[in-house]
Every structure is written in structure tokens, then in C-alpha cells.
Amino acid sequence: MSDDLDLRAPTGDLLRALAASGTGGIAAALQELRTRPDLPDAARELLDGGTRDEKTMALIALRGTTGPEILPVARAGLRDPDPRVRALAVQVLGALGDEAAGDLATALGDPDPQVVIRAVDALPDAEAVPDLLRRLIVAPEEAQRTAAVELIGRHRVGALRIDLLARLGDPSTRVRARAATALQALGVAATDDLAGMLADPDPEVREGALGALVERPDTHTVEAVVQLLTDPSSRVRKLALQTLERWNVRRCGAVARLLDDPEPAVREAAVRTLATLGCVDEAGRLRAIARDDGDDRLRAHAVRALIDLGPAELAPVLPGLLRDPSPLVRALAARSVPASAGADLAARLAELLAGDPEPHVRSAAATSLAQAGGAAAEPLAAALRTDPDPGVRLAAVRGLAALPDQAPAGSAGLDGADPRVSAGLAALDDADPRVRLAAVTWLGTGDAPQVTERLLRLAAEEADEEVRAALLPALAAADDAIAARLRAAEPARPLFDPGGDDLTFTTWLRDLDWYPVSAGLTFYNTGTLRVFTPDDGRTYRYEVSDGVLVVHDGDDVLLRSAFTVSRESGRYRLALTDGGPPVDPSTGPIQFICPIR
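Keep in mind the model is a prediction, meaning the values are calculated, not measured.

A. Highlighting the overall build of the chain. Across its full length, the chain carries 32 helices and eight strands. Residues counted as buried form 50% of the 597 residues belonging to the chain. Relative to all contacts within the chain whose residues are 6 or more apart in sequence, the contacts with residues 24 or more apart total 57%. Entry remark: accessible area of the chain is about 27,200 Å², with carbon and sulfur atoms responsible for 51%.

B. Here's a closer look at unusual backbone geometry. For asparagine 248, which is not a glycine, the phi torsion comes out positive at approximately 60°. Structurally, asparagine 248 is set in the loop between α16 (234-247) and α17 (252-256).

C. Local environment of the pattern of salt bridges. On inspection of all chains with the given rule, the structure shows 25 salt bridges. Of the charged contacts in the structure, one is a salt bridge between arginine 297 and glutamate 268, with a shortest N-O distance of 2.8 Å. Taken together, the residues span a long stretch of sequence, with arginine 297 in helix α20 (residues 296-309) and glutamate 268 in helix α18 (residues 264-276) at a distance of 29 residues. Between arginine 454 and aspartate 429 there is a salt bridge, with its nearest N and O atoms 2.4 Å apart. With arginine 454 in helix α30 (residues 449-461) and aspartate 429 in the loop between α28 (421-427) and α29 (433-443), the pair connects residues that are 25 residues apart, well separated along the chain.

D. Fine view of a positive patch on the surface. Judged by side-chain charge, Arg34, Arg63, Arg84 and Arg118 come together as a positively charged surface patch. Mapped onto the elements of the fold, arginine 118 is located in helix α8 (residues 113-122). For arginine 118, a relative accessible area of 34% corresponds to the partly exposed category.

E. Quick peek at the state of the cysteines. Tallied over the full model, the rule gives one disulfide. Here cysteine 252 is linked by a disulfide to cysteine 279, with a sulfur-sulfur distance of 2.0 Å. The sign of the -75° torsion about the S-S bond sets the cysteine 252-cysteine 279 disulfide as left-handed. Remark: cysteine 279 occurs in the loop between α18 and α19 (283-292) and cysteine 252 occurs in helix α17; sequence separation between them is 27 residues. The class for cysteine 252 is buried, based on a relative accessible area of 13%. Taking the relative accessible area as the measure of exposure, cysteine 279 reaches 0% and is therefore buried.

F. Broad picture of the confidence of the model for the chain. Averaged over every residue, the pLDDT of the chain is 75; the share at 70 or more is 70%. For the chain, the element scoring lowest by mean pLDDT is strand β8 (residues 590-592), at 30; α19 scores highest, at 96.

G. Just the nonpolar core, in detail. In this structure, Val120, Leu133, Leu164, Leu229 and Leu380 are the most contacted members of the largest nonpolar core, which totals 158 residues. Setting aside its immediate chain neighbours within four residues, leucine 380 contacts Leu353, Ala366, Leu369, Ala370, Ala396, Gly399, Leu400 and Leu403.

H. Here's a closer look at the environment of proline 40. Within the secondary structure, proline 40 sits in helix α3 (residues 39-49). Classification of proline 40 as buried rests on a relative accessible area of 8%.

I. Spotlight on α18. Taking 1.5 Å as the rise per residue, α18 with 13 residues should run 18 Å; its terminal C-alpha atoms sit 19 Å apart, in good agreement. Every buried residue of α18 is accounted for by Val266, Arg267, Glu268, Ala269, Ala270, Val271, Thr273, Leu274 and Ala275. If you follow the buried residues of α18, they end up packed against α16, α17, α19 and α20. Glycine 278 sits one or two residues past α18 and shows a positive phi near 70°.

J. Local environment of the packing of helix α4 (residues 52-62) against helix α6 (residues 83-94). Contact geometry of α4 with α6 gives a least axis separation of 9 Å together with a crossing angle of 10°. When the axes of α4 and α6 are compared, the pair comes out roughly parallel. Two secondary-structure elements touch here, α4 through Arg52, Lys55, Thr56, Leu59, Ile60 and Leu62 and α6 through Arg84, Val85, Leu88, Ala89 and Val92. Grouping the constituent residues of the contact of α4 with α6 by class yields seven nonpolar, one polar and three charged.

K. Spotlight on helix α12 (residues 173-186). Given a rise of 1.5 Å per residue, 14 residues ought to cover 20 Å, and the 20 Å separating the end C-alpha atoms of α12 matches this to within 8%. Buried within α12 we find Val175, Arg176, Ala177, Ala179, Ala180, Ala182, Leu183 and Leu186.

L. Representation of the environment of aspartate 432 within the structure. Here aspartate 432 shows up in the loop between α28 and α29. You can call aspartate 432 buried: its relative accessible area is 13%. As for aspartate 432 and aspartate 389, which are separated by 43 residues in sequence, their C-alpha atoms are 9.7 Å apart. Not counting chain neighbours up to four residues away, the residues in contact with aspartate 432 comprise Pro390 and Arg393. One polar contact links the side chain of aspartate 432 to the main-chain amide nitrogen of arginine 434, over a distance of 2.8 Å.

M. Summary view of the environment of leucine 210. With respect to the secondary-structure elements, leucine 210 resides in helix α14 (residues 203-212). Apart from the residues lying within four places of it in its own chain, the contact partners of leucine 210 are Leu198, Val225, Leu228, Val236, Leu239, Ala240, Thr243 and Arg246.

N. The arrangement of the side chain of arginine 237 in detail. When you line up the elements, arginine 237 lands in helix α16. On the accessibility criterion, arginine 237 (9% relative accessible area) is buried.

Reading the values: rules and limits
Residues numbered from 1 in each chain as written. Predicted model: local features only at pLDDT ≥ 70, side-chain atom pairs only at ≥ 80, totals over all residues. Heavy atoms only, no water. Helix = DSSP H or I, 4+ residues; strand = E, 2+ residues; numbered from the N terminus. Buried < 20%, exposed > 50% of the residue type's maximum accessible area, 1.4 Å probe, protein only. Contact = heavy atoms within 4.5 Å. Areas by Shrake-Rupley, 256 points an atom, 1.4 Å probe, with all protein chains shown as cover. Salt bridge = Lys/Arg side-chain N within 4 Å of Asp/Glu carboxyl O. Patch = residues over 30% accessible without salt bridge, like charges linked within 9 Å, V, L, I, M, F, W, Y side chains within 5 Å. Lys, Arg positive; Asp, Glu negative; His and termini not counted. Charge placed at Lys NZ, Arg CZ, Asp CG, Glu CD. Disulfide = S-S within 2.5 Å. pLDDT = per-residue confidence, 0-100. Core = buried A, V, L, I, M, F, W, Y, C linked by side-chain atoms within 4.5 Å. Expected span 1.5 Å × (residues − 1). Axes fitted to C-alpha atoms, helices over the stretch in contact; angles between N-to-C directions. Parallel < 35°, antiparallel > 145°, perpendicular 65-115°, else oblique. Nonpolar A, V, L, I, M, F, W, Y, C, P; charged D, E, K, R; others polar. Polar contact = N/O pair within 3.5 Å; in protein donor to acceptor, adjacent residues only side chain to side chain.

And the structure:
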């Protein structure tokens, strides 16, 4: 690896060492090489007599460099018999501007389509590209036609859609397949031509036609797609299922036959399609798979399908699924236990909560057990006090909060006599701030003296900003001095406007009443944010420096992102720059919840 490379070695030796070590982690070595005046000579030596990897590394080192001494080296690469080497040589030529235009024109006639594609992309005159593609798409060589249709689709050159349609009749199966895919990118229907390609002898062409048939066509074409459910190619069978699903064509019996397909990916696709199409008549087959199939993933897919088809379809096998050997299936089943569950199912949920080895199964059991009413309080309280996983304890405290009030008759709201309160008070001492936050949010709704006393003590010692923020509304009516101290502690940190790009995040948004230094939206330079999953939430540390948000998971950096925020019609609008949904925060403390990907 690059850590073992001697950056002081002669240029040729360093290039050979890089080629032998692979291309991972070599940025520092490449930066060093690009400063050396003898790099062109060393690269030419490798191109004349080196291995493929050495030639590749030589051209990678030359990428982005300029000067008259680079041109003959790149030309040597362009004459290499290996298309990968020629493609890299084209990239080197692309940085040389007009002096390499003739060489790039030569590369347009290369027998490998990827080299041709690189040559077109490297041309300095972008406005000439459509006319060039129009010539290439009718070239006698297959490589040029293949490259042209790929580039038309990649760059969405709508002016050439007629030229692209003509390629559906190309004598080359590769060109026909690429043309179908390119038409899909352009949004061109061409239904009749594409329908004819469903019977093409080449499976790649049939795949391309299925992908390009976006709109539901006539009955004849629908039946042709149904026939492809028995295609010899498993990829075609899977695409045919997805196409019927996209068109909402209910051929439940034909789809159900693929539940016995030899390919696991096709069986999974068939299960999903039956659920999407609402094939209730096939629920018996899905129950058999959920109960008996030896493939854990397929059983889980079948459980999800039964959930989608409705509780009545899942109910006959639900008790057995709660004992499934797969933790994924047990978690799905536990999450699906209805509020009307009988005593047996509630007892099984309590068993899972107390003893299942997988935390996400215990969390799911706690969430569903809360729907069972008063009998759930004891197992939830036990989990809150003793479970080693903070996610399970969080689910338990939320479950206790969701249970109906259990104070004696005549009490109003959450009362000190409620047997859940002692467990909630214990949660205020939990090591995980998420658990403490949930407990504060719940207990703060009541006015029991022992709860208020414990919240006041917590306010004096709590280090987590989110828990302190939740304490404010809980204690504002009880102790003005404590509430004022909590308010005063927050604005001391510097503020920054929030925002995000294609990697989005979650943070707290604060009310003007809490933070008068902001005009309604507040984002601190340091703090914590919460990201929610279907089962649980995690808290991450963030910081803002020089207009860049950095999100940490322990010592690892999950996200670095610039960000912006705008104000429209008197409200703040948080906009994601990669097409994500905008968020218009209302007043009051809320959470903007998006996944970190």
C-alpha cells in the first residue's frame, strides 16, 4: 500500500511500485510524481515495455498534466493493443486542448466503444458533439454505433431521438440493446418498435426493451410481457415481473408460479409483485413461504408481503413467526402484532422483550407490547431498568409513555400514584441521553411532586443540550429561576444557518421565544443531531466551521457538506441541493428528520 512506498524512489521505480500495490490510497504518491520533470520519460519507458498495470499507472500519473512533452507519450498509449490503456491515453489527450484534436479524431475510429466514448467526451468543442454523434450512429463499425447510442442516452441528446429510434433495427444486438436503454433515458415511448424487441433472440435486447417500455401499451404487448415470465434468462424474468408491477397488471397466477423459480432474486421479486398487485388469493402461498421456506431472506419478504396484504392475511401464521429462527423475521412479526392481540400474543411479546438475544427484536416487541394495555407495564418497566441495549430501553420508555394512565380512580393525568412513574424516574438516571430525553418528554406532562423534584435536580446536572431543551417547558411553570437559567445557557454558543446538499441530516430547530438572537430558526456551531431508523434513533455529534457542516460518529466523519438557508413569504425554507424535499419549519421546537446515507 501507499504507506509502504518510498516517495524518494526514482520515478520509474515509484510508478512500478504503485502498479504492483494497486490503485487504492495513492493520492500522495501521484501528487509527488506530477511535480517531477522526468515523469514523461519514465511513463514513455513503461508504455514501450511495461506490463498492463504499469502502463495504466503511468497514464493515471499523467492525467491532468500538460505540456508539449506529454503529447508523444499519450500518442504511444493510443497505439497500445489494450483498450483500457487506449481509453486512459484519450483522457490524457483531453487535457492538452487543440494540439490533441487530431489525435482525438483518430480515437473516434477506435474498435472499442469505450475508447470512442472517452474521445467524444474529451473533445474541446462541445457544440459539435450532436453532429458528430449523428455521423457515428450510422457508422459501419459496431463500436462507433454503440458508443453513439450510449452517449445520446447518457447526455440526453433529445435532438437525436429519431436517429436513436432507427437503431432499434440495427443488425447488432449490442446496438439494439443500448438503443432501447437510451430511449428510456430520453423518455421516448416507441412502443411498437420496443414491443417487437421483446421477442429478440438476444436476452440483453429483451432486457433493454422491458426497461424502455415505460407506459402501459396495448393488450398484445402486455401479453408478450406476461410470456416473458417464462423466459430462459432470469434477468428477463425479473424485469418482466417489475414491468407488470409498474403497469399494475394483475396476472396473479402467472406471477405466483415464479415463487418456485430456481433463482432466489426472481422468487423475491415475485413475492414483492404479488403484494404490490394486491393478489390476496395467493396469500396462502405466501404464508407457506413465511412459515416453511429455508431461505431467511425469502421468508422475510413473504412476511412483508403479508403485512401489505392486510392483518387478516398475516394472522394465521403470526404466532409461529414470533418464534422464527431468523431475527429479521421475528422483528417483522413482533412489529406487526395488532393492538387487538390476545393474551397469548402479548405473553409472547413479553418473552421476546425479556429474553431475545437480538436488540432490534426486543425493541420491536416493546413497541408492540405497549398496545396491549395495562398488562404491558410490568415487562416494559423491567426492560427499562435492566436491558443492556439503550435502543431497547428507549423503546421501553416510549412504550410506557404510550400506555393509558394507570393512576387510581379520581386522579387526573400522569400522577405519582401511577405505577409507571417509578420506572420513568429511574430512566432519568439512564446513561443514554436519548432515554433521558424520552423520559423528560413524558414525565414533564404531569405535575406529581416527586417528578417535579427529580426534574429540577436533573436540570442542575444535565450536560446534554437536547435534554436541557426538553426540561425547559416541563419546568417553566414550576420554577421561573430554573427556566431562566436554562434559557440563558443556550444562546452563549455561536449561531449558523442550517442547510444541506445531497447528503442530508437531522438537527433541532428552536423557537424564537427560546433564542431571541435568531429570527425564528437557530442552528448552533456545535451540538448533537438525531437520525431515526424504523426501529430506533441514534445521536451524532456535529460542528460547523467555515460554512461546512461536519457530522461525526465517534472518531469517524459521516458527512462533510456546505449548506444554505433562504427565507420565503416570512418563513424559513431549508432546501436540499440534490432534489430532496424542502422543509418549511414551523415555530416551536421540532426536528427535521432525514437519513444520513
